[in-house]
Amino acid sequence: MSASEQGPKIKYGETAPKLDRAQLQFMKLIEEQNLDRVQKLKRVRRNNLLTAGALGFSVLAIYGYSIFSVQQEKFLDDFEEPKKVNTN
């Protein structure tokens, strides 16, 4: 007989305590609150990831723009003519 054919090792019907209606309702309430909390945390995590992505993109964009502008300055400096000195 394989392990899958044996079934569960613990028989829940025999060992589980009998719960009354109030306890079951309390467990359902706690479960609902837990599901709400999980949904909220998922939403907060998604918003945090979006914020981190936007901030990272902003930092890289500013860095790229600064590198580009410095290269433009050097490029334009190469075309400036030197000042002529008059020897009169």
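This is a predicted model, so every value here is computed, not measured.

**Student:** Honestly, the overall build of the protein in this entry has me stumped. Any pointers?
**Tutor:** Helix and strand counts for the protein stand at three helices and zero strands. When the helices and strands of the protein are placed in sequence order, the string is α-α-α. Of all 88 residues assigned to the protein, the portion counted as buried reaches 0%. Counting every atom, the protein has about 9200 Å² of accessible surface; 60% of that belongs to carbon and sulfur.

**Student:** Could you clarify how one ought to interpret the UniProt feature "transmembrane region" (unreviewed entry) in the protein in this entry?
**Tutor:** According to UniProt, the feature "transmembrane region" (unreviewed entry) maps to residues 49-68 in the numbering used here. The straight-line gap between the two end C-alpha atoms of residues 49-68 is 28 Å; of that span, 100% is helix and 0% is strand.

**Student:** Honestly, a nonpolar patch on the surface in this entry has me stumped. Any pointers?
**Tutor:** On the surface, a nonpolar cluster with roughly 260 Å² of combined accessible area is contributed by L19, L24 and M27. Locating L19 in the fold gives a position in the loop between helix 2 (12-15) and helix 3 (21-78). Since its relative accessible area comes to 41%, L19 is described here as partly exposed.

Procedures and definitions
- Residues numbered from 1 in each chain as written.
- Predicted model: local features only at pLDDT ≥ 70, side-chain atom pairs only at ≥ 80, totals over all residues.
- Heavy atoms only, no water.
- Helix = DSSP H or I, 4+ residues; strand = E, 2+ residues; numbered from the N terminus.
- Buried < 20%, exposed > 50% of the residue type's maximum accessible area, 1.4 Å probe, protein only.
- Areas by Shrake-Rupley, 256 points an atom, 1.4 Å probe, with all protein chains shown as cover.
- UniProt positions renumbered as here; feature names shortened; annotations may be inferred.
- Patch = residues over 30% accessible without salt bridge, like charges linked within 9 Å, V, L, I, M, F, W, Y side chains within 5 Å.
- Salt bridge = Lys/Arg side-chain N within 4 Å of Asp/Glu carboxyl O.

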